[in-house]
Amino acid sequence: SFGKFKYKYIYILFSAIALIINDIAFGLNYNDAFKAVSLINLFVDNKNSKEHFYIHDIFCYFGTFFVSLILYILEKNGILDESIEQKHYSKKDNSSSQIFFNLKLISLISLWVIEEKLAETIKNILIHLDFWVLEFIFLSYFCKKILKIDIYNHQKVAMLLTIFPCIIKIVTIIISFYDENRIEENFTSYKRKDGLLEILYVPYPLLIPIGFSIYLIIIIMKSYIITKIKWYMDLKYISLYKLLMLYGFIGGLTFTIFCIITTFKECPKGYKDLYDYFCKTKDDNNQKYFANFILYYTKILSQIPKAEVIILFFGILGFFIYKLYSLMIIKDLTPIHLVFSIPLFYAIRKIILLINILIQKDSAASKAYEINFKLDLSADCLCLFGYFVYLEIIKLNFLGLNYNITENIISRAESEVYLEDLIIDADAKDENDMEY
């Protein structure tokens, strides 16, 4: 049967929509197999704005920093509501261990920034090896160990249901080896027949266990980081806006330094254009860079300044709102709930692409990509079903799986309180009778 939709679940929907806004601003696609859905296409035809994604990241991080700084100042001045816990924390600000405490917090946020970029890189290069559904299990483990959050039977069943999306993931990996556009055996370049870059594990199958192991480490690291952020907010009374402020500043500073270095450092040439996977920015002489401020100015800012400002506005807006609601989910719900926005985001993303394909009469680069696209959408829908079971939006009324859903726990608690009241009243009546 269907359960109640708690109003705070709307945070999950808002975070997914915000990520879609960010994605559309800079270019939404599926492994570059279709024509991108992007704001840039409204101004310039076939302009690849995504080649400057590292520089766009800088704007997103610093935009998040400045907005969070304003909100943090408003919170400290009492203009925004400040919780009792945050006031309690500010009284402890001058303790001798505060410097060490802040260093630990900064290290955690820095690890968060690095982990996100590593996960994104793996997803872009070793497509289909991002078994993000397993994050559900690791988050549950850390929440139980660190936050003492109990996991009930219906939630364990929801975790077991993630087996089916994992099976579909494995099928998509297998299909990639039977793509009609895959590179030849004795290849001299990583470019496929359709012009796209080959998925690296197709010529090098050994990368499948290696890539999976690396991604597994990344999602374990992410699960720990998110759980510790919840611990900082709940037990150390760290302001949500302070966390966002630190995240934006550390991320912005990290990628600014990175982009300055890569502006003056060309990507190496050779080995079958392997660096095409990492170096997306190119000059007129086809020299490749990880990122280049000079090329960003000459090719983007100087040519389409108004369009770029609009793109950056929506990109920063989507990024900030996504991070804001992500932390609100962690704070007001649990870190486990944060993972629920992922299949929702991917499902919405693929539906938008599907609509665009029908309108543009576009087709995938290959039949294999088209099949994998449909399989991925199916996996997202299966994930959503499992997550609805966890959220108690769908109730499983068999084998006692509904025993520990929230409304039944509350109902039992109310019954026990009522029973205790009856016993107390009966005891009081007996005492009055004895006195009489």
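Structural data are supplied above this passage.
Quantities reported herein were computed from a predicted structural model and do not represent experimental measurements.

Moving on: the packing of helix H7 (residues 163–176) against helix H14 (residues 367–390). Put simply, H7 and H14 touch, their axes get as near as 9 Å, and they point 170 degrees apart. Judged on the interaxial angle alone, H14 and H7 are roughly antiparallel. Listed contacts from H14 to Phe164, Pro165, Ile168, Val171, Thr172, Ile175 and Ser176 of H7 are Ala368, Ile371, Asn372, Leu375, Asp376, Ser378, Ala379, Leu382 and Cys383. Within the contact of H7 with H14, the residues separate by chemical class into eleven nonpolar, four polar and one charged.

For leucine 28, the location among the structural elements is in the loop between helix H1 (10–26) and helix H2 (53–76). Distance in space between the C-alpha atoms of leucine 28 and serine 38 is 6.0 Å, their sequence separation being ten residues. With near-sequence residues (within four places) excluded, leucine 28 lies in contact with Ile20, Asp23, Ala36, Val37, Arg349 and Leu353.

The geometry of two aromatic rings is summed up by the distance between their centres and the angle between their planes. Within this structure, the stated rule accounts for 31 aromatic pairs. Aromatic pair phenylalanine 136 and phenylalanine 340: ring centres 5.6 Å apart, planes at 85 degrees, arrangement edge-to-face. With phenylalanine 136 in helix H5 (residues 135–146) and phenylalanine 340 in the loop between helix H12 (335–338) and helix H13 (341–360), the pair connects residues that are 204 residues apart, well separated along the chain. What makes phenylalanine 136 buried here is its relative accessible area of 0%.

A surface patch of positive charge is lined by Lys144, Lys145, Lys148 and Lys156. In this fold, lysine 145 is placed in helix H5.

So, on to a nonpolar patch on the surface. Taken together, the side chains of Leu13, Phe14, Ile17, Ile21, Ile310, Phe313, Phe314 and Leu317 define a hydrophobic patch exposed on the protein surface, amounting to about 600 Å² of accessible area. Among the elements of the structure, H1 and helix H11 (305–332) are those that each provide at least two residues to the nonpolar patch. Tracing the backbone through its elements, the reader meets isoleucine 21 in helix H1.

Turning to the pattern of salt bridges, a few remarks are in order. Tallied over the entire structure, the rule returns 14 salt bridges. Arginine 349 is paired through a salt bridge with aspartate 23; the nearest N and O atoms lie 2.8 Å apart. Placement of the pair is arginine 349 in helix H13 and aspartate 23 in helix H1, with a sequence separation of 326 residues. Between aspartate 234 and lysine 230 there is a salt bridge whose closest N-O contact spans 3.0 Å. Here aspartate 234 and its partner lysine 230 are both found in helix H8 (residues 207–235), four residues apart, which amounts to about one turn of the helix. Judged by its relative accessible area of 32%, aspartate 234 is partly exposed.

Definitions and cut-offs
- Residues numbered from 1 in each chain as written.
- Predicted model: local features only at pLDDT ≥ 70, side-chain atom pairs only at ≥ 80, totals over all residues.
- Heavy atoms only, no water.
- Axes fitted to C-alpha atoms, helices over the stretch in contact; angles between N-to-C directions.
- Helix = DSSP H or I, 4+ residues; strand = E, 2+ residues; numbered from the N terminus.
- Parallel < 35°, antiparallel > 145°, perpendicular 65-115°, else oblique.
- Contact = heavy atoms within 4.5 Å.
- Nonpolar A, V, L, I, M, F, W, Y, C, P; charged D, E, K, R; others polar.
- Phe/Tyr/Trp six-rings, centres within 6.5 Å; stacked < 30°, edge-to-face > 60°.
- Buried < 20%, exposed > 50% of the residue type's maximum accessible area, 1.4 Å probe, protein only.
- Patch = residues over 30% accessible without salt bridge, like charges linked within 9 Å, V, L, I, M, F, W, Y side chains within 5 Å.
- Areas by Shrake-Rupley, 256 points an atom, 1.4 Å probe, with all protein chains shown as cover.
- Salt bridge = Lys/Arg side-chain N within 4 Å of Asp/Glu carboxyl O.
- Lys, Arg positive; Asp, Glu negative; His and termini not counted.
- Charge placed at Lys NZ, Arg CZ, Asp CG, Glu CD.

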